[in-house]
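An overview of the molecular structure
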Amino acid sequence: MFSPVVLGALAALLPAAVQAIPSSAQARAADAIANPYTGYTIFKNPEYVAEVQAAVQQISDSSLASAAAGVEDVPVFFWLDQVAKVPNLTTYLAAADAEAKSSGSQQLFQIVVYDLPDRDCAAAASNGEFSISDNGQTNYENYIDQIVASIKQYPDVRVVAVVEPDSMANLVTNLSVQKCADAESTYKTCVAYAIEQLATVGVYMYLDAGHAGWLGWPANLSPAAELFAQMYSTTGSSPYFRGLATNVANYNSLTTDSPDPITSGDSNYDELLYIEALSPLLVDNGFPAQFIVEQARSGVQNIRSAWGDWCNVKGAGFGLRPSTDTPSSLIDSIVWVKPGGEADGTSNSSAARYDYHCSLSDALQPAPEAGTWFQTYFEDLVSGANPAF
């Protein structure tokens, strides 16, 4: 956890931070510097539960079906990747609230805020619904306002959010891409708005921080730390801006004694090494961040041709289960952010949202559109699960 010095500094800041938080969130501000996962039961994503149940019914091999059924019990984040999903969030929070009241167990729901205008600015095919040139910032702020209104209805349900996968990482390494350069100011403004508004209803936030194979390279660490710390200070150093999320929707191991050959040249070849290298630089810049680490599809290593290959990688397996039992006090929890079985993207080169990464030799094909169910891939993830189900 935090050092005594950092804890003292946070404690000194907390009264001012609490004054800035509306009364709906003040009741939870006293423990805002504690691990948000401690003492809470994670309410499972109902959409993913339904997807897994349907997938199990399609598996004829009884032993594989039995193993696949176990995936239903793993808590996975709910992705708010379009405005139309916000009403579903309200439904799920209501269900979590009812579960808390009937069971007496405090409930936590996990979400991904993912709808920036001109989203995925460096991708070969962006799949966002907002455009900066077409009222994008205003539309995004309205999207955030709807999420906040939904969460405000259920103050007894704790919400943990991963904020905007890939956004800040793109601003560290991809400003040479014109679309990213054009989006820089809007990204910062929109992410700051999301953090500030979600804090008013007590959402614990982890801003996406790429992964070891992206920002973990030594040359990227200091610029990344400076940018993340800038976002922290810009948004008021809120105690609800808990820290950073790494490896979201990626395949890197948390720890390894046998570095993948594709990591050659990067001393930070797993997520723990990346976190341990980044953390002191964050603290030096005034951001005492904690971390959550995605391990949903990290069960099998040495399967990619290049570290930047991300689309439906063949041979992947489900990885470490979500847990607050982690190898470092810097890590609040191991998590599953990506719903394993939902496709990363389509291999159909004629599709409007086609990305060439999905046709590489290490990508499973044929693959459907991003976000749609990919039964073959799900079965492979179950078969390769480490630990096994």
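Just so you know, these numbers come straight off a predicted model, no measurement behind them. Counting from 1, residues in each chain are numbered in the order their sequence is written. Thresholds applied to this predicted model are a pLDDT of at least 70 for local features of residues and 80 or more for the giving and counting of side-chain atom pairs; totals over whole chains, interfaces and linings are not thresholded and use all residues. Just so you know, side-chain values use all the structure's heavy atoms and leave hydrogens and water out.

1. As for the overall build of the chain
Comment: elements are numbered from the N terminus, with helices defined as DSSP H or I runs of at least four residues and strands as E runs of at least two. For the chain, the helix and strand inventory stands at eleven helices and eight strands. The C-alpha radius of gyration of the chain comes to 20 Å, within 12% of the 21 Å expected for a compact globule of 389 residues. In terms of its C-alpha atoms, the chain occupies a principal-axis envelope of roughly 55 × 50 × 45 Å. Taking the intrachain contacts of the chain between residues at least 6 apart in sequence as the baseline, contacts between residues at least 24 apart amount to 77%. Note that accessible areas follow from Shrake-Rupley with a 1.4 Å probe, and for residues the cover is restricted to the protein chains shown. Here the chain displays about 14700 Å² of accessible surface, and carbon together with sulfur accounts for 51% of that area. When we talk radius of gyration, it's over C-alpha atoms, and the globule rule is simply 2.2 Å times the number of residues to the 0.38. Contacts: residue pairs with any heavy atoms within 4.5 Å of one another.

2. Section: helix α11 (residues 375–383)
Whether a residue is buried, partly exposed or exposed follows from its accessible area with a 1.4 Å probe, protein chains only, as a fraction of its type maximum: under 20%, in between, or over 50%, in that order. Listing the buried residues of α11 in full gives Gln375, Tyr377, Phe378, Leu381 and Val382. Axial view of α11: buried residues confined to an arc of 165°, hence all on one face. Of the surrounding secondary structure, the elements contacted by the buried residues of α11 are α3 (46–57) and α4 (62–69). Arc, as used here, means the arc of the directions from the helix axis to the C-beta atoms.

3. Topic: the state of the cysteines
Two cysteine sulfur atoms make up a disulfide if the distance between them is within 2.5 Å. For the structure shown, the criterion picks out two disulfides. One disulfide bridge connects Cys121 with Cys180, the sulfur atoms lying 2.1 Å from each other. Residues Cys121 and Cys180 share a disulfide whose torsion about the S-S bond is about 95°; that sign makes it right-handed. Pair noted here: Cys121 is in the loop between β3 (107–113) and α6 (136–152) and Cys180 is in helix α8 (residues 178–199), with a separation of 59 residues, a long-range link. Taken individually, Cys121 and Cys180 each receive the classification buried, so the pair is uniform in this respect. Residue pairing for Cys311: its cysteine sulfur links by disulfide to Cys358, the two sulfurs lying 2.0 Å apart. What sets the handedness of the Cys311 and Cys358 disulfide is the S-S torsion sign, and at about 90° it is right-handed. Linking Cys311 in the loop between β7 (290–294) and β8 (331–335) with Cys358 in the loop between β8 and α11, this pair joins segments that are 47 residues apart in sequence. By sequence order of its bonded cysteines, the chain has the disulfide arrangement 1-2, 3-4.

4. Concerning the confidence of the model for the chain
The predictor attaches a confidence to each residue, and that confidence, scored 0 to 100, is pLDDT. Averaged over all residues, the pLDDT of the chain equals 93, while 91% of them reach at least 70. Of the regions scoring below 50 in pLDDT, residues 1–27 engages in 35 contacts with residues more than four places distant in sequence or in other chains.

5. Here we look at the pattern of salt bridges
Any two side chains of opposite charge can pair, so long as their charged atoms come close to each other. Throughout this description, the term salt bridge denotes a Lys or Arg side-chain nitrogen within 4 Å of a carboxyl oxygen of Asp or Glu. Inspection of the entire model under this criterion finds nine salt bridges. In this structure, Asp115 engages Arg119 in a salt bridge whose closest nitrogen and oxygen atoms are separated by 3.6 Å. Judged by its relative accessible area of 0%, Asp115 is buried. Here Glu184 and Lys188 are joined by a salt bridge, their closest N and O atoms 3.5 Å apart. In this pair, Glu184 and Lys188 both sit in helix α8, four residues apart, roughly one turn of the helix. We classify Glu184 as partly exposed; its relative accessible area is 26%. Sharing partners across several salt bridges, the network here consists of Asp115, Arg119 and Asp120.

6. Details of the packing of helix α5 (residues 86–103) against α6
Note on definitions: angles span 0 to 180 degrees between N-to-C directions of axes, and those axes are lines fitted to C-alpha atoms, for helices only across the stretch in contact. Here α5 crosses α6 at 15°, and the two axes come no closer than 9 Å. As summarised for this structure, α5 and α6 are arranged roughly parallel, according to the angle between their axes. Helix-helix and strand crossings are classified by hand; for α5 and α6 the assignment is right-handed. For the pair formed by α5 and α6, the contact residues are Val86, Leu89, Thr90 and Leu93 on the first element and Gln146, Ile147, Ser150 and Ile151 on the second. The nonpolar class holds Ala, Val, Leu, Ile, Met, Phe, Trp, Tyr, Cys and Pro. Asp, Glu, Lys and Arg form the charged class, and all remaining residues, Gly among them, are polar. Partitioned by chemical class, the residues of the contact of α5 with α6 number five nonpolar, three polar and no charged. When an angle is under 35 degrees it counts as roughly parallel; over 145 it counts as roughly antiparallel; between 65 and 115 it counts as roughly perpendicular; any other value is oblique. For any pair of crossing helices, the crossing counts as left-handed if the nearer helix is rotated counterclockwise from the farther one by less than a right angle, and right-handed if it is rotated clockwise.

7. Re the packing of helix α9 (residues 218–234) against helix α10 (residues 271–284)
Where α9 meets α10, the closest approach of the two axes is 9 Å, and the angle between their N-to-C directions is 55°. Viewed along their axes, α9 and α10 adopt a mutual orientation that is oblique. When the axes of α9 and α10 are compared, the crossing they make is right-handed. The segment α9 lies against α10, with Leu221, Ser222, Ala224, Ala225 and Phe228 engaging Tyr274, Ala277, Leu278, Leu281 and Leu282. Of the residues belonging to the contact of α9 with α10, the class tally is nine nonpolar, one polar and no charged.

8. Notes on the packing of aromatic side chains
Only rings of Phe, Tyr and Trp enter the pairing, Trp through its six-membered ring, and a pair is recorded when the two centres are within 6.5 Å. The plane angle decides the type: under 30 degrees is stacked, over 60 is edge-to-face, the rest tilted. By the definition in use, this model includes 18 aromatic pairs. Residues Phe318 and Phe389 carry aromatic rings whose centres are separated by 6.0 Å and whose planes lie at 85° to one another, so their mutual orientation is edge-to-face. Of the two residues, Phe318 is situated in the loop between β7 and β8 and Phe389 in the segment after α11; the sequence distance between them amounts to 71 residues. Accessibility expressed as a relative area gives 0% for Phe318, which makes it buried. Using a relative accessible area of 30% as the deciding quantity, one classes Phe389 as partly exposed. An angle of 50° between the planes, with centres 5.1 Å apart, marks the rings of Trp373 and Phe378 as tilted. Ring-pair connections join several aromatic residues into one group, and the members of that group are Tyr48, Phe318, Trp336, Trp373, Phe378 and Phe389. Counting as a charge over the ring demands two things of the Lys NZ or Arg CZ atom: a distance within 6 Å of the ring centre and an angle within 35 degrees of the ring normal. The lysine or arginine in question, Arg119, covers the ring of Tyr114, its NZ or CZ lying 4.0 Å from the ring centre. Across the ring face of Phe389, the terminal group of Arg321 is positioned such that the distance to the ring centre comes to 3.7 Å.

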